[in-house]
Amino acid sequence: MEHIYDVLILGGGPAGLSAGIYAGRSRLDTLIIEKGQSGGQIALTAELENYPGQLPEGESGLTLSERMAEQARRLGASMIADAIRAADIAGEVKVLEGEKEAYRGRSLIIAAGAAPRPIGCENEARFVGAGISYCATCDGAFFRDLEVFVAGGGDSAVEEAIFLTRFARHVTIVHRRDRLRASRGLQERAFANEKISFLWDSVVAKAEGDGALQAVTVRHVKTGEETVFRASPADGLMGLFGFTGHLPSTGLFTESLPLENGYIPTGEDMSTAVPGVFAAGDIRVKSVRQVVTAAADGAVAAVSAERFLTERQV
């Protein structure tokens, strides 16, 4: 007989792990499905400063997510690594078809998060992994003593630019507006860092190189003027990191759930338009996307899933 879980949780980031902690603690038969590393996007964050109760000596996204995952397992949630290719959520039993097997649950919490938005420059795909990256924590060390460009102006872009100064000779933030969107504290740190400079009202238009990224063309959005920045012959390589936002991972649900700009609308209880299906974290329509709000969403979604299952049994 095929196993049917009480709760399936799609995604192992802060929202999914928080949901797993609350569902496991409620003695619900819970499975967290994550295609990659536990922690989702937060596992790529080098330094956290604003998560309540984080380690006082310093906290990375990876260390926080590892502790959350261990807590979820300790409280009874199971975890599996698999990539989900199809979803059938219309019936009383929700089915997620993975590469390894199919998973069934009486309720579903969608916490699949979001993926990095492409920079949008010419030849971008050609240089991913050869000079272009979307993860400073993963790849920053490869650019030690090199020139690095960062596309974006929000919290993530500025945080990662500051982190990259640990390795790079110099970091240039390229932002399409004339001021940063990052929090004031981050802006102050960036402006005070002698290794960071800024190109305002600009976007990265083109990436070039012979096998590796060796030139970046930056276009001024108001004048159209283009400037080419080239790696020095001694370096032979430069870096370009993209932090221009994220795209919600809702491709599995475009036909089964209403979406707003690609995000899943929910009620305050994280319920979606389909009974027994809840959404939590960056994947849902919300005004603030932070680790703490994702964790709160996951807790609410798990409590709501428990209530849904209890009401069905009455």
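Heads up: these notes are all about the structure in this document.

Reading guide: rules and limits
Sequence order sets the numbering: in each chain, residues are counted from 1 along the sequence as written. A pLDDT threshold of at least 70 governs which residues receive local features in this predicted model, and a stricter bar of 80 or more applies before side-chain atom pairs are shown or counted, although totals over entire chains, interfaces and linings include all residues. Where side-chain values are given, they derive from all heavy atoms of the structure, hydrogens and water being excluded. Salt bridges are identified by distance alone: a Lys or Arg side-chain nitrogen within 4 Å of an Asp or Glu carboxyl oxygen. The helix count covers DSSP runs of H or I at least four residues long, the strand count covers runs of E at least two residues long, and both are numbered beginning at the N terminus. Whether a residue is buried, partly exposed or exposed follows from its accessible area with a 1.4 Å probe, protein chains only, as a fraction of its type maximum: under 20%, in between, or over 50%, in that order. Between rings of Phe, Tyr and Trp, where Trp is taken as its six-membered ring, a pair exists when centres lie within 6.5 Å; planes separated by under 30 degrees are stacked, by over 60 edge-to-face, and by other angles tilted. Here, a strand pair is defined by DSSP locating no fewer than two bridges between the strands. Angular values range over 0 to 180 degrees, each being the angle between N-to-C directions of two axes fitted as lines to C-alpha atoms, with helices fitted over their stretch in contact. When checking whether two residues touch, look at their non-hydrogen atoms; a contact exists if any pair is within 4.5 Å.

Some details on the pattern of salt bridges
Here is step 1: Using the criterion set out here, one finds 13 salt bridges in the structure.
Here is step 2: As a salt-bridge pair, Arg106 and Asp6 come within 3.4 Å of each other at their nearest N and O atoms. In this pair, Arg106 is assigned in the loop between strand S7 (102-105) and strand S8 (108-110) and Asp6 in the loop between strand S1 (4-5) and strand S2 (7-10), connecting sequence segments 100 residues apart.
Here is step 3: We classify Arg106 as partly exposed; its relative accessible area is 34%.
Here is step 4: Put simply, Glu92 and Arg312 hold a salt bridge, and the shortest N to O gap is 2.7 Å. Highlighted residues: Glu92 in the loop between strand S5 (84-88) and strand S6 (94-98) and Arg312 in helix H7 (residues 291-313), separated in sequence by 220 residues.
Here is step 5: Classification of Glu92 by relative accessible area gives exposed; the value is 59%.
Here is step 6: For Arg312, a relative accessible area of 36% translates into the label partly exposed.

Notes on the packing of aromatic side chains
Here is step 1: The tally for this structure, following the rule as stated, stands at seven aromatic pairs.
Here is step 2: Each ring, one from Phe163 and one from Phe167, has its centre 5.5 Å from the other, and the planes form 70°; the classification is edge-to-face.
Here is step 3: The exposure class assigned to Phe163 is buried, which follows from its relative accessible area of 10%.
Here is step 4: Judged by centre distance (6.4 Å) and plane angle (10°), the ring pair of Phe241 and Phe243 falls under stacked. When sorted by exposure, Phe241 lands in the same class as Phe243, which is buried.
Here is step 5: Through successive ring pairs, a cluster of aromatic residues spans Phe143, Phe241 and Phe243.

Concerning the sheet that holds S8
Here is step 1: Read across the sheet, five strands follow the order S4-S3-S2-S8-S19 without closing on themselves; strand pairing throughout is parallel. For this open sheet the edge positions go to strand S4 (78-81) and strand S19 (277-279), each flanked by a neighbour on one side alone. Neighbouring strand axes in the sheet, compared pairwise and without regard to direction, differ in orientation by 20° on average.
Here is step 2: Along the sheet, helix H1 (residues 14-25) makes contact with S2, strand S3 (30-34), S4 and S8, crossing S3 at roughly 165°.
Here is step 3: Sitting on the sheet, H7 touches S2, S8 and S19, and the angle it makes with S19 is about 170°.

It is worth stressing that arrangement in space is one thing and function is another; only the former is reported here.
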